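Report on the structure
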Amino acid sequence: MNSKYTPLFESFNLGKKLEVKNRLVMAPMTNFSSNPDGTVTDAEVNYYERRSKGVGMVITACTYVTANGKGFHGEFGGDQDELLPSLNRLASAIKTEGAKAILQIFHGGREVPPELVNGDVVSASNIPSEGEGKAVPRPLSEKEIESIIFDFGETTRRAIEAGFDGVEIHGANGYLLQQFFSPHSNRREDKWGGSLEKRLTFPLAVVDEVKKAVAKHAKDPFIVGYRFSPEEPETPGITMDDTLALIDGLVTKDLDYLHVSLMDFWSKARRGTDVDRPRIEIIKERIGDQVPLIGVGSIYTADDAIKALQSGVPLIALGREIIIDPEWVQKVEQGREAEIVTKINKENQQQLDIPDPLWQAIIHSPGWFPGIE
């Protein structure tokens, strides 16, 4: 290995004495490839198994905690005990290759395709996402909110029983937790919305419920992380100032890591605190050493990764790049970083173990990838 990249392969403790073998993480990415009943497919398992051989930790695509939170066609489920064998199969495939297996748990809220929920799209308020043809959601009742919070705890229990090493609470990318935090989607006037403090109530209650489930059911160290998006383009919408308030709330919850969702690791703040500084820099400065941070976004080469690590962020996630080159980590570890592939070849689906639904999404959404040959 080139000594320049040695820091990428130092082990790291994620609280509670659970050691990750290196600083590289497979980012959570939807693959659209599960069975209609919510179980994982052979192709999906093979896809994860292939990419688990180098990274220290794999964060799965999101799984829904409640039936009406299913956000995608071809999404695997975690909302009922009948899915435990499916969840166990996925956890085992990842762990067999030496990576820690983290189950990302979520509810899609207003982003759920109406046909998946018989038209009953729900959210914090009756505000649709911006864009043509978006469904107008139904505001959740207080009883329903409490039920969904409970469901996050129940899916955490299933993750423990299925053999996962942890869960990541998905509070990013415009899904239900972010919808409650956002002034765009949350126009409530009860304890679940209104002021910034009240808009924090639901996401922090979910964190508490997940932590409670871990305390009750986990016999071994079990990771709990939280993913968030730092800003929204909408007005009103989440600003960097809002995000710093969210971080302040999350760091009090004894989480094992925070994970910022970015398309570009070095992207700059849009509005609020310190405009024109990289978001990752602002966030890391606010967190300090209170909780580890995972950074992500357009990291394709070994030099990209080591530069990101040198920012002080201790864990670096690979998203699109580990789809493009499943052996990315091994190539760097073996001194073969010059062989890393950074563009997808249209002829290489089978060689890359990419399930067909994900392959179709890649080929028909070229803007998602840096290049398709």
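The following refers to the structure shown.

Quick notes on the rules
Residue indices follow the written sequence of each chain, beginning from 1 at its first position. Owing to the predicted nature of the model, reporting of local features is limited to residues with pLDDT of at least 70; listing and counting of side-chain atom pairs is limited to 80 or more, with chain, interface and lining totals taken over all residues. Side-chain numbers come from the whole structure's heavy atoms, not from hydrogens or water. Secondary structure elements follow DSSP: runs of H or I no shorter than four residues count as helices, runs of E no shorter than two count as strands, and numbering proceeds from the N terminus. We compute the radius of gyration over the C-alpha atoms and compare it with the globule rule, which gives 2.2 Å times the number of residues raised to the power 0.38. The buried label goes to any residue with under 20% of its type's maximum accessible area, the exposed label to any with over 50%, and the partly exposed label to all in between, with areas taken from a 1.4 Å probe on protein chains only. The contact definition used throughout considers only heavy atoms, calling two residues in contact when any of these lie within 4.5 Å. Accessible surface area values rest on a Shrake-Rupley calculation with a 1.4 Å probe, where residue burial reflects the displayed protein chains alone. Here Asp and Glu are counted as negative and Lys and Arg as positive; His is not counted, and neither are the chain ends. Charge positions come from single atoms, namely NZ of Lys, CZ of Arg, CG of Asp or CD of Glu. This arc describes the spread of directions from the helix axis toward the C-beta atoms. Each axis is a line fitted through C-alpha atoms, taken for helices only over the stretch in contact, and angles between the N-to-C directions span 0 to 180 degrees. Angles are sorted into four bins: roughly parallel if under 35 degrees, roughly antiparallel if over 145, roughly perpendicular if 65 to 115, and oblique for all others. Put simply, a crossing is left-handed when the front helix is turned counterclockwise from the back one by less than a right angle, and right-handed when it is turned clockwise. Only Asp, Glu, Lys and Arg are considered charged, only Ala, Val, Leu, Ile, Met, Phe, Trp, Tyr, Cys and Pro nonpolar, and every remaining residue, Gly among them, polar. Two strands pair under a simple rule: DSSP has to find at least two bridges between them. Any two of the Phe, Tyr and Trp rings considered here, Trp counted by its six-membered ring, make a pair once their centres fall within 6.5 Å; the pair's planes then place it as stacked at under 30 degrees, edge-to-face at over 60, or tilted in between. Whether a charge sits over a ring depends on NZ of Lys or CZ of Arg being within 6 Å of the ring centre and within 35 degrees of the ring normal.

1. Focus on the overall build of the chain
Regarding its fold elements, the chain presents 12 helices and 12 strands. At 19 Å, the chain has a C-alpha radius of gyration in line with the 21 Å of a compact globule built from 373 residues. Dimensions along the principal axes, computed over C-alpha positions, put the chain at roughly 55 × 45 × 45 Å. The buried share of the chain, reckoned over its 373 residues, is 60%. Taking all contacts inside the chain whose residues are at least 6 apart in sequence as the whole, residues at least 24 apart take part in 69%. When the accessible surface of the chain is totalled, it reaches about 14,500 Å², and 47% of it is carbon and sulfur. Looking at the chain, you have 42 positive and 56 negative side-chain charges, and the mean spots of the two groups are 2 Å apart.

2. Overview of helix H7 (residues 240-250)
Counted residue by residue, H7 has nine buried out of 11 residues, so it is predominantly covered. Taken together, the buried positions of H7 are Met240, Asp242, Thr243, Leu244, Ala245, Leu246, Ile247, Gly249 and Leu250. In this structure, the buried side of H7 is in contact with helix H4 (176-181), helix H5 (196-199), helix H6 (201-217), strand S9 (223-228), strand S10 (257-260) and helix H8 (279-287).

3. What about helix H12 (residues 356-364)?
Among all positions in H12, only Leu358, Trp359, Ala361 and Ile362 are buried. The buried residues of H12 all sit within an arc of 160° when viewed along its axis, so they share a single face. On its buried side, H12 packs onto helix H1 (42-51) and helix H10 (320-324).

4. Regarding the packing of helix H2 (residues 84-96) against helix H3 (residues 142-162)
In the contact formed by H2 and H3, the axes pass within 8 Å of each other and the chain directions differ by 55°. Judged on the interaxial angle alone, H3 and H2 are oblique. In the crossing of H2 with H3, the sense of the turn from one axis to the other is right-handed. For the pair H2 and H3, contact is made by Leu84, Leu87, Asn88 and Ala91 and by Arg158, Glu161 and Ala162, respectively. Looking at the contact of H2 with H3, its residues break down into four nonpolar, one polar and two charged.

5. Overview of the sheet that holds strand S4 (residues 57-64)
If you walk around this closed barrel you meet the eight strands as S3-S4-S5-S8-S9-S10-S11-S12, and the pairing is parallel. This sheet shows a mean twist of 30° between the axes of neighbouring strands, independent of strand direction. In this sheet, strand S12 (residues 315-318) lies alongside strand S3 (residues 24-26) in parallel orientation, the contact comprising three bridges. For Met26, the partnering residue across the bridge sits in S12 and is Leu318.

6. What about the packing of aromatic side chains?
Counted by the stated rule, this structure contains eight aromatic pairs. Summarising the aromatic geometry, the rings of Phe32 and Phe72 are spaced 5.9 Å apart at their centres and angled 80° between planes, so their arrangement reads as edge-to-face. Note that Phe32 is positioned in the loop between S3 and H1 and Phe72 in the loop between S4 and H2, a separation of 40 residues in sequence. According to the relative accessible area criterion, Phe32 is partly exposed, its value standing at 29%. By relative accessible area, which is 16% here, Phe72 ends up buried. Members of the aromatic cluster, connected to one another through ring pairs, are Phe32, Phe72, Phe106 and Tyr175. One Lys or Arg, Arg199, reaches over the ring of Phe181 and ends 5.8 Å from the middle of that ring. The positively charged end of Lys307 is found above the aromatic ring belonging to Trp266, 5.1 Å away from the centroid.

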